[in-house]
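# Structural description and commentary
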Protein chains: 2
Amino acid sequence: MKDKISIGHGSGGKLTRDLIKGLFLKNFDNPLLSALSDSAVFDLNGFKAAMTTDSYVVKPIFFPGGDIGKLAVCGTVNDLAVVGAKPLYLSLGMIIEEGFPYKDLERITQSIKETTGKIGIKVITGDTKVTEKGKTDGIYINTTGIGIIDNDIELGIDKISVGDKIILSGSIGDHGISVLSKREGFNFESTIESDCAALNNLIQDAIKIGGIKFMRDPTRGGLAAVLNEIAEDGNFEIIVEEEKIPVDERVKGICSILGLDPIYIANEGKVLMIVESGVAEDVLSVVKKDLLGANASIIGEIKASGEKGVYLKTSYGGMRIIDMPIEDHLPRIC
Amino acid sequence: MKDKISIGHGSGGKLTRDLIKGLFLKNFDNPLLSALSDSAVFDLNGFKAAMTTDSYVVKPIFFPGGDIGKLAVCGTVNDLAVVGAKPLYLSLGMIIEEGFPYKDLERITQSIKETTGKIGIKVITGDTKVTEKGKTDGIYINTTGIGIIDNDIELGIDKISVGDKIILSGSIGDHGISVLSKREGFNFESTIESDCAALNNLIQDAIKIGGIKFMRDPTRGGLAAVLNEIAEDGNFEIIVEEEKIPVDERVKGICSILGLDPIYIANEGKVLMIVESGVAEDVLSVVKKDLLGANASIIGEIKASGEKGVYLKTSYGGMRIIDMPIEDHLPRIC
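Residues numbered from 1 in each chain as written. Chains lettered and ligands numbered in written order. Predicted model: local features only at pLDDT ≥ 70, side-chain atom pairs only at ≥ 80, totals over all residues. Heavy atoms only, no water.

### Some details on the interface of chain B and chain A
Defined as follows: Contacts are assigned to residue pairs that have any heavy atoms within 4.5 Å of one another. Buried area is understood as the total, over both parts, of accessible area removed when two parts are fitted together, assessed with a 1.4 Å probe. Each reported salt bridge corresponds to a side-chain nitrogen of Lys or Arg within 4 Å of a carboxyl oxygen of Asp or Glu. Two N or O atoms count as a polar contact when they lie within 3.5 Å, although within protein this holds only if one can serve as hydrogen donor and the other as acceptor, and sequence-adjacent residues are included solely when both atoms are side-chain atoms. Counting from the N terminus, the helices are the DSSP runs of H or I reaching at least four residues and the strands are the DSSP runs of E reaching at least two. All residues other than Ala, Val, Leu, Ile, Met, Phe, Trp, Tyr, Cys, Pro, Asp, Glu, Lys and Arg, Gly among them, are scored as polar; the first ten of these are nonpolar and the last four charged.
With 77 residues of chain B in contact, the opposing surface of chain A contributes 76 residues. Both sides of the chain B and chain A interface together cover about 6800 Å² of buried area, and 67% of this is carbon and sulfur. Among the residues of chain B in contact with chain A, Ile5, Phe28 and Tyr102 of chain B are the three that bury the most area, contributing 11% of the side total. Linking chain B to chain A there are six salt bridges. Between Lys129 of chain B and Asp54 of chain A there is a salt bridge, with its nearest N and O atoms 3.9 Å apart. Between chain B and chain A we count 21 residue pairs in polar contact (both at pLDDT 80 or more) in total. Those elements giving two or more residues to the side of chain B that touches chain A turn out to be α1 (14-27), α2 (31-34), β1 (40-44), β2 (47-56), β5 (86-97), α4 (102-119), β6 (122-131) and β7 (139-149) of chain B. Looking at the side of chain B that touches chain A residue by residue, the classes come out as 34 nonpolar, 24 polar and 19 charged.

### Thoughts on the sheet that holds β6 of chain B
All names here are of chain B. Stated precisely, the cut-off is as follows: Here a strand pair is declared whenever DSSP counts at least two bridges between the two strands. Here, axes are lines fitted to C-alpha atoms. For helices the fit covers the stretch in contact, and angles between N-to-C directions go from 0 to 180 degrees.
The mixed open sheet is built from five strands, whose spatial order is β1-β2-β7-β5-β6. Strands at the two margins of the open sheet, each flanked by one partner only, are β1 and β6. In this sheet, adjacent strand axes meet at a mean angle of 20° when their direction is disregarded. Across five bridges, the pairing between β1 and β2 is antiparallel. Bridge assignment links Ala40 to a residue of β2, and that residue is Met51.

Below is the structure:
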């Protein structure tokens, strides 16, 4: 472990995992946290509940397709959704820089109102801190969510078997490239919008079909980080096909110019599902019925057990190793 | 409303209340939030649960008697305790500045481990973000807590009546003056320690006696802010006696030198209770049995209704109006 925290420790990749396992799990060892799922799932007076937390430090705070408020709500709702929970309540903690424009705070607040209203959840408790100018970059938001799980679904990397299919609910890279483009002032003919959206309805519909073993929303570290987590923790060999992974042509173009790979770029409205082979097509067709899953695709499968690794079958027929990201190519993206 | 956010908006005083009422309540209007209690209390499958959130931006992060980790845990536990809840689970969201010393993060983590262990609660979910150097002042921590309420206590400013007694569990100003002294490098013969502590056991014991109408931990804005909230929201005239309010002699001394009033200074291990007159002495004696309440005292009473205001009967027999704090005299204290 390095002696100083680096940007990579917040990347969602290898350094983040090292920090979580080497420091946080060592100290806060308990089965709920150790599961390292997007939300902790626990028993509360005889029924299952879920809790998740996320801080948002995205820069800029307003970007095409969203803003830090919408992002916070959707991100937290998605973390509840992927453990099978129906989101209920949110807390909202804001750290604001002295001198922050009131109208921006108003705009963010209205965005949170609109987003929570659409989802049907409520902000029930909050906190506001203000730091001196220069000690916060505008505004940072923490949202913590709780939800209930009213189905019998059992999710976990330990439920995954060889042969299971990998469903991705749509194109990758949109959020990261949208925020980056706005931040760097890139000018394109058409604006790339973040995919920032709440997936709770899409996921609840898919759950009804059955056969889902594991879900995760590929945010920081992108698709590559999620696939590598599954490979590492489950000791699996995973193969995904480049041709099956939807990528917007403009995202592809920018990535190619900047030397980025969309598979490592953050998404904020996508879910990856590991599904029993026999029902994968059924789950896919339900996902595709939701507007947010219109471009969903079965992108690959859990190929083998024992030799862990993630491989991409390229469009040209070759095989490429997809490593766990280590440093953060695009910091402050969420 | 000003057009920019100022330090005072995070003070816990008038500007904070204006922001909450004028912006957040307007947008997130729902009965759970509108109660504006320390924790939201809600029904979850037929039983009562509570949720609260707090972000901590204290500077310095290590101070006599505590650190940002212990402070976060105790602060959140106290917010659950004052609505009558038993704390169960915590989430932990960290925003860390690039270059932050790993050993400091380790020390904070161990402090959180120790504090949660003593209280008997668990950190079950977390999130870590890293910002570039200069965009966070070391580390900011958000803790969100959930708890259950397994008693029939009904708390609220609307439950308070004229004649009710005001119990304060101990001396005021210790936390704020401890942090300030450390920050400014004051050197005294003996170090003033923060009162940072979890009050859940003290409060649960007191609840068993009955007669408690309302509780709050006087943090930002100090005792003055809590008393003014009660006076304003309940339309009460409140009288407290200076002689009955415990203040450490050293805290008194520093306040006097710096022109501060301990009644406006933040506490992190104190609770104010409004208690039915007939049982106030019984509640007091239970509070005093707890080490954290050894210096508890009945400091005043709800004097009248209709004309709202908070008055301090001074040691010299005079009466002084205690206003709601507007700006923040000691920012970054929690």
